[in-house]
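Listed here are the chains, written in short residue letters.
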Amino acid sequence: MLRYILKRILQAVPLIILISIITFGLIQLAPYDAIDAITTPDMSLEYIEVLKEVNGLNEPIYIQYFIWAKNAIRGDFGYSLVTHSNIKQALSDRIPNSMLLIVPSYIIALIIAVILGLLAGSNRGRWIDRAVDGFCSIAISAPSFWVGLILIYFLSYKLNLFPSFGMYTPGSPRTTSNLLAHMVVPGLTLVIALLPQMIRYVRSSTIGQLSEDYVMVQKAFGATSHNILFRHILKNVLLPLVTLVGMSLPMLVTGAFVTESVFSWPGVGPYFLAAIRGFDYPIIMSILALSSSLVIIGNLLADILYNLIDTRIKEMNQ
């Protein structure tokens, strides 16, 4: 197992380097550069040249990339070109906020998706299947910002049940109850956005499992539908979900851009969007490098879990 993990890590290193080079190249090809974001029309050409020199923007592109990569390997992501704030510190402050919102929402969505997906798959063509499918069709068609605005209108404005913006109420103590109240509406928005894909994944897996021979054997031995569904089919349906969970790891760094922006949640999403608007390439590169690394780590963790859960895959890799 250790040999397999080391092999996968070594395979991931060139991929991360390639992703960082492609990202850096694409930023340089844009018809707009970072100096446009940090200068104003009344600045003299001499002052603009000084700014370029100070920020290393006069160096050839490959030199700029190597300087960034060398510092990133040491954990130094540099400073924002626009705000001059430390990127590492900003990400350290914002990533826990994003995780605080995303992780509980993802777990709740996963639990609901497993239950609804199993019920829909085991009742294929019946009213419960059509109801779940109708919900998925509506939820997958509705943009998350629109869902967020609708929830703000009803839950925050009309019913005045929960606050609509920020992480804490300004001027109030930073208590757990204050935090939880602010998490409800953005968390519900995320759950609705995450559910359709998960439910359809579980539903299709359940339909596939119901046609397997072991289900017929269980029926022949007199097992009840509930017993077959939750004792035998459930564990086989959960196996493919490992990949889905592993692929979701980048969300912990990239955040939920739209949801965090709509609710003014101080996570990575608004920080990343502000960097894109300001062409602040050190921030863009740092977040993309971290998220691409997490994609690879997520795949690696999924493969390891597959090996641990399913002995047939372990034997194939050996």
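Residues numbered from 1 in each chain as written. Predicted model: local features only at pLDDT ≥ 70, side-chain atom pairs only at ≥ 80, totals over all residues. Heavy atoms only, no water.

Some words on the UniProt feature "transmembrane region" (unreviewed entry) in the protein
Filter applied, for reference: UniProt positions are given in the numbering used here, feature names are shortened, and annotations may be inferred rather than shown by experiment. By definition, any uninterrupted DSSP run of H or I lasting at least four residues is a helix, any uninterrupted run of E lasting at least two residues is a strand, and each is numbered from the N terminus.
Mapped onto the present numbering, the UniProt feature "transmembrane region" (unreviewed entry) falls at residues 12–32, 99–120, 132–155, 175–195, 237–263 and 283–309. Counted over residues 99–120, helix gives 100% and strand 0%. Its end C-alpha atoms are 30 Å apart. Strand forms 0% of residues 175–195 and helix 95%; the C-alpha atoms that close the span are 30 Å apart.

Some remarks on the packing of aromatic side chains
Two aromatic rings are characterised by how far apart their centres lie and by the angle between their planes. What counts here: Centre distance within 6.5 Å is the pairing criterion for rings of Phe, Tyr and Trp, where only the six-membered ring of Trp is used; planes under 30 degrees apart are then read as stacked, over 60 as edge-to-face, and the remainder as tilted. Buried residues are those whose accessible area, probed at 1.4 Å on protein chains only, stays under 20% of the maximum for their type, while exposed residues exceed 50% and partly exposed ones sit between those limits.
With the rule as written, the count across this model stands at four aromatic pairs. Taking the centre distance of 5.5 Å and the plane angle of 70° together, the rings of Phe24 and Tyr65 count as edge-to-face. With Phe24 in helix α1 (residues 2–29) and Tyr65 in helix α4 (residues 61–73), the pair connects residues that are 41 residues apart, well separated along the chain. Just as Phe24 is buried, Tyr65 falls in that class too.

Examining the environment of Ile67
Position of Ile67 among the secondary structure elements: in helix α4. Exposure remark for Ile67: the relative accessible area of 40% places this residue in the partly exposed category. Sequence separation between Ile67 and Ile21 is 46 residues; the distance between their C-alpha atoms is 12 Å.

Notes on the packing of helix α6 (residues 127–141) against helix α8 (residues 176–210)
Note the cut-off: Convention adopted: a line fitted to C-alpha atoms gives each axis, helices being fitted over their contacting stretch, and angles between N-to-C directions are expressed from 0 to 180 degrees. For classification purposes, angles smaller than 35 degrees are called roughly parallel, those larger than 145 roughly antiparallel, those between 65 and 115 roughly perpendicular, and all remaining angles oblique. Note on convention: near helix rotated counterclockwise from far helix by under a right angle means a left-handed crossing. Clockwise means right-handed. Any two residues whose heavy atoms approach within 4.5 Å at even a single point are treated as in contact.
Two elements in contact, α6 and α8, have axes separated by 8 Å at closest approach and are oriented at 135°. One way to sum up the angle between α6 and α8 is to call them oblique. Where α6 crosses over α8, the two elements pack in a sense that is left-handed. Judged by residue contacts, Asp129, Val132, Asp133, Phe135, Cys136, Ser137, Ala139 and Ile140 of α6 engage Ile192, Leu195, Pro196, Ile199, Arg200 and Arg203 from α8.

Considering unusual backbone geometry
You will see that Asn160, though not glycine, has its phi angle at about 55°, which is positive. Note on placement: Asn160 falls in the loop between α7 (144–158) and α8. Positioned with a positive phi, Ser264 is a non-glycine residue whose angle comes to about 50°. Relative to the assigned elements, Ser264 resides in the loop between α12 (257–262) and α13 (268–277).

Observations regarding the pattern of salt bridges
This is how the line gets drawn: The working definition used for a salt bridge is a side-chain nitrogen of Lys or Arg within 4 Å of a carboxyl oxygen of Asp or Glu.
Applying the stated rule across the entire model yields two salt bridges. Between Asp129 and Arg203 there is a salt bridge whose closest N-O contact spans 2.8 Å. With Asp129 in helix α6 and Arg203 in helix α8, the pair connects residues that are 74 residues apart, well separated along the chain. The shortest N-O distance in the salt bridge between Arg200 and Asp133 comes to 3.4 Å. Of this pair, Arg200 sits in helix α8 while Asp133 sits in helix α6, placing them 67 residues apart in sequence. For Arg200, a relative accessible area of 33% translates into the label partly exposed.

Here we look at the nonpolar core
Convention followed: To qualify as a nonpolar core, a set must consist of buried Ala, Val, Leu, Ile, Met, Phe, Trp, Tyr and Cys residues joined through side-chain atoms within 4.5 Å.
Trp68, Leu91, Tyr271, Tyr281 and Ile287 are the most contacted members of the largest nonpolar core, which totals 24 residues. Listed by contribution, the elements that provide at least two residues to this core are α1, α4, α5 (87–122), α13 and α14 (281–309). Broken down by element, the residue count for this core peaks at six residues, all from α14. Sequence-distant contacts of Trp68, that is, excluding residues within four places in its chain, are made with Ser20, Pro282, Met285, Ser286 and Ala289. Listed in part, the 23 residues of the second largest apolar core include Val114, Cys136, Ile199 and Val202.

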